[in-house]
Amino acid sequence: MKCKEIKNNLYDFISNRLEEATSKEVEEHLEQCNECKPELEKLKKTLSILDHWDSPKLNEYFTNKVMSQIIDIRRKRVTIFKKLFRPSLIPLEAVALVCIVFLGVLIFRGIFTPKVKEVSRELKIQLEITEAKNPIIIETENIELTFISMNKIIRTHNGDLISSKKVESGIKIIFYVKEEKERELFQDLKQLGRTQIKKKGYKDRNGNIVMIIKEIPDN
Amino acid sequence: MELFRYKNCLRDCEHPVVHNEDEDYKFVKKSKKYDEKAFEFLVKKYQQKIFNVCYRMLLSEQKSKDASQEVFIKAYIKIKKFKGKSTFYTWLYRIAKNHCLNLIKKNKKRKEDIPLDTDQGKKLQNKELKPDELIDRKQVRKLIEEKMKELDPKCRAVIILIHYQGCTHEEAAEILGWPIGTVKVRLYRCLKILGIKLNKAKYRLKV
């Protein structure tokens, strides 16, 4: 072993921590080496001084102090846990009721909103068009002839035919005429057959006139 | 003869301590389930040792009492994280060492020196020792504390763990987080520095 290693092992040598073989090796080196021997003496002297440094003894209350603090910590943890589930100022039932109502609203909205979204654009338009509460009704013997002459009448009053559709009772026509010409048009309609025009409700939301051409019932 | 005296001296001092690891493990396991009685057993078993480390690190009785209380509380809070890779007491020593080093660091930041406990210590600091003056055990204690205070805290920690607590080099390496070789080298160096500081003061010990 070199001097450096011996020096690093000096403490273990003094405190009897070395294995027997190593201890002998160090001892032999120390007998011969003039550099390491004084180091051994110095270290022994230092350690002999250090042995005078004892630390005070703890009193019996120390354990109690520690344990009371630990129990406090434990209690705090438990109370936090309990507080979460303890009925406090607001009763648990009320909280539950609010939660259920809230959930109910969420579910209700969840069920009904998608259906509204599903209604197609066409249907929406149709719904709007058929909004007219009291469409004009004309009863004739020949529906098709009436429909053709109806077209002519609309054109003569500078109107536009928007749509025509076969319905169970006859043909439904939606057309647009300027308001000033409505009266003239209605008078012409009377020539076509029996007409039923009410004062209001023959127009849909867009201001178009809705009319149904029906066949005169046999009876 | 002298060598024999040292061997005896160390045995007569606090350590080496015989740690019963199996027993510790049983109580640690119970403590993990928040069994306070089990933890109390561990506190009782190691309180003096932890206090000794804190006292020699912080060099103040009151501060070290508070510190060792905090060490045990920390241990209780963190006990679930203790996986049993090391022994319980090395784990406890590691907490104590870290706690003390943190306190010393904080103290340094505040630029407060750790005060020596009693007035006697201060007197000793101011008074120059005459050559060959006889000093008693109490004064030696103060002298050692004074010189220890001048040492680097990590240096202090190696000496305390190995010399006073009787830890093996392996245990000290684990507690300090250094390789075993480093522990050996630093122990020798630190003892040498301390020896030079102690031997500068000229006095003779009262036997």
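Residues numbered from 1 in each chain as written. Chains lettered and ligands numbered in written order. Predicted model: local features only at pLDDT ≥ 70, side-chain atom pairs only at ≥ 80, totals over all residues.

Trainee: Outline helix α3 (residues 36-58) of chain B, listing residues and values.
Mentor: Residue and element names in this part refer to chain B. Compared with an ideal rise of 1.5 Å per residue, which puts 23 residues at 33 Å, α3 spans 28 Å between its outermost C-alpha atoms and falls more than 12% short. The largest bend in α3 comes to about 50°, at Tyr46. Phi for Leu59, located one or two positions after α3, is positive at around 60°. (Helix = DSSP H or I, 4+ residues; strand = E, 2+ residues; numbered from the N terminus. Expected span 1.5 Å × (residues − 1). Bend = angle between axes of the 7 residues up to and from the residue.)

Trainee: Account for the interface of chain A and chain B, with residues named and values stated.
Mentor: Tallying the contact residues gives 31 residues for chain A and 37 residues for chain B. Of all the secondary structure elements, the ones that give two or more residues to the side of chain A that touches chain B are α1 (3-14), α3 (36-50) and α4 (61-85) of chain A. The dominant element in the side of chain A that touches chain B, judged by the number of residues it contributes, is α4 of chain A, at 10 residues. Residue composition of the side of chain A that touches chain B, grouped by class: 16 nonpolar, 8 polar and 7 charged. (Contact = placed C-beta atoms within 7 Å. Nonpolar A, V, L, I, M, F, W, Y, C, P; charged D, E, K, R; others polar.)

Trainee: Got a sec to walk through the pairing of strand β2 (residues 160-166) of chain A? Specific residues and values, please.
Mentor: Residue and element names in this part refer to chain A. Two elements, β2 and strand β3 (residues 170-176), share 6 bridges in a ladder whose sense is antiparallel. Bridge assignment links Lys166 to a residue of β3, and that residue is Ile171. Taken together, β2 and the strand that follows it, β3, pair antiparallel across an intervening segment of 3 residues. (Pairing = 2+ DSSP bridges.)

Trainee: Now, about the packing of helix α8 (residues 153-164) of chain B against helix α9 (residues 169-176) of chain B: what can you tell me, with residues and values included?
Mentor: All names here are of chain B. Orientation of α8 relative to α9, taken along the N-to-C sense of each, is 140°, at an axis distance of 10 Å. With respect to α9, the axis of α8 lies oblique. When the axes of α8 and α9 are compared, the crossing they make is right-handed. Across the interface between the two elements, Ala157, Val158, Leu161 and Ile162 from α8 touch Ala172, Ile175 and Leu176 from α9. (Axes fitted to C-alpha atoms, helices over the stretch in contact; angles between N-to-C directions. Parallel < 35°, antiparallel > 145°, perpendicular 65-115°, else oblique. Left-handed = near helix turned anticlockwise from the far one by under 90°.)

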